[in-house]
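# Report on the structure
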Amino acid sequence: MKKMIFLAILFLSLQGISQIRTGVYQSSESIDYEWSNGEQTGDVYIYSEPMFIHISETGFRVYMNQWETGMSYPFIYMGKGSDGYHVYAVPFGDKLEINEDVAVLFYNFNNTTGWYDSSREWRGLEYISNTPILDYEKE
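Residues numbered from 1 in each chain as written. Predicted model: local features only at pLDDT ≥ 70, side-chain atom pairs only at ≥ 80, totals over all residues. Heavy atoms only, no water.

### Some details on the pairing of strand S5 (residues 59–63)
- Among the five residues that make up S5, five are buried, leaving the element largely enclosed by the rest of the structure.
- Both faces of S5 are covered, namely the face carrying Gly59, Arg61 and Tyr63 and the face carrying Phe60 and Val62.
- Relative to S5, strand S4 (residues 51–55) runs antiparallel, the two sharing four bridges. Within S5, the position partnered with Phe52 by the bridge is Tyr63. (Buried < 20%, exposed > 50% of the residue type's maximum accessible area, 1.4 Å probe, protein only. Helix = DSSP H or I, 4+ residues; strand = E, 2+ residues; numbered from the N terminus. Pairing = 2+ DSSP bridges.)

Next comes the structure, spelled out in structure tokens:
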């Protein structure tokens, strides 16, 4: 029994270590893609304004300015993919993949084709701080 408890604690601690570092990241550009059967279709929308992504143990939040709440998404860590990205399951069948400098949110899963129809990619991620910096704290 002691061995089982020890192994459970070990596995839980290793899962926390293996995930992406929590904190606030800033991206240099955001890109929206549309997909059909795994191939890019339509126009690509590129946003060059910086975005912030706040990663925690239980979810992530995307926002443009320090005073905004932005959009929040809960997630569950699934593991590290063969491509080196950390994979998180997001509600409604969505998926977040992230490594040190790129994060991709896949959404609008198509049950007929088995592919996601849309994705948003945040490039040039740079770690800023371990917690959000609010505007009134800058003074």
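### Focus: unusual backbone geometry
- One non-glycine residue, Asn37, lies in positive phi territory at about 55 degrees.
- Within the element layout of this structure, Asn37 appears in the loop between strand S2 (29–36) and strand S3 (39–47).
- If you check the backbone angles, Asn108 has positive phi at about 60 degrees while not being a glycine.
- Here Asn108 lies in strand S10 (residues 102–110).

### Re the sheet that holds S3
- Pairing is antiparallel across the open sheet formed by seven strands, whose spatial order is S3-S2-S11-S10-S9-S8-S7. Two strands in the sheet have a free side with no partner beyond their single neighbour: S3 and strand S7 (76–80). Shown here is a sheet whose adjacent strand axes are inclined to one another by a mean of 20 degrees, direction ignored.
- For strand S8 (residues 86–90) and strand S9 (residues 94–98), the ladder comprises five bridges, and the chain directions are antiparallel. Bridge pairing links Val87 to Glu97 in S9. (Axes fitted to C-alpha atoms, helices over the stretch in contact; angles between N-to-C directions.)

### Brief notes about the environment of Glu100
- Here Glu100 is to be found in the loop between S9 and S10.
- Residue Glu100 is classed as exposed on the basis of its relative accessible area of 58%.
- Along the backbone, Glu100 and Gly84 are 16 residues apart, and their C-alpha atoms lie at a distance of 9.7 Å.
- What Glu100 contacts, discounting residues up to four positions off in sequence, is Ile20 and Leu125. (Contact = heavy atoms within 4.5 Å.)

### Comments concerning the nonpolar core
- Counting residues in each nonpolar core, the largest one holds 17 residues, and the members touching the most others are Ile53, Ile55, Phe60, Leu96 and Trp122.
- Contributing elements (two or more residues each) for this core: S4, S5, S8, S9 and S10.
- Counting five residues, the second largest nonpolar core, distinct from the first, contains Tyr85, Val104, Phe106 and Tyr116. (Core = buried A, V, L, I, M, F, W, Y, C linked by side-chain atoms within 4.5 Å.)

### Brief notes about the packing of aromatic side chains
- In total, this model carries nine aromatic pairs according to the counting rule given.
- Taking the centre distance of 5.2 Å and the plane angle of 80 degrees together, the rings of Tyr25 and Tyr127 count as edge-to-face. Linking Tyr25 in strand S1 (residues 23–27) with Tyr127 in strand S12 (residues 126–129), this pair joins segments that are 102 residues apart in sequence.
- A cation sits over an aromatic face here: Arg21 above Tyr127, 3.5 Å from the ring centre.
- The ring of Phe106 carries the charged tip of Lys95 above its face, separated from the ring centre by 5.1 Å. (Phe/Tyr/Trp six-rings, centres within 6.5 Å; stacked < 30°, edge-to-face > 60°. Lys NZ or Arg CZ within 6 Å of the ring centre and 35° of its normal.)

### As for the side chain of Glu97
- Residue placement: Glu97 occurs in strand S9.
- Of the polar contacts made by the side chain of Glu97, one reaches the side chain of Lys95; its length is 3.1 Å.
- Apart from residues lying up to four places away in sequence, Glu97 is in contact with Asp83, Tyr85, His86, Val87, Val102, Ala103, Val104 and Phe106. (Polar contact = N/O pair within 3.5 Å; in protein donor to acceptor, adjacent residues only side chain to side chain.)

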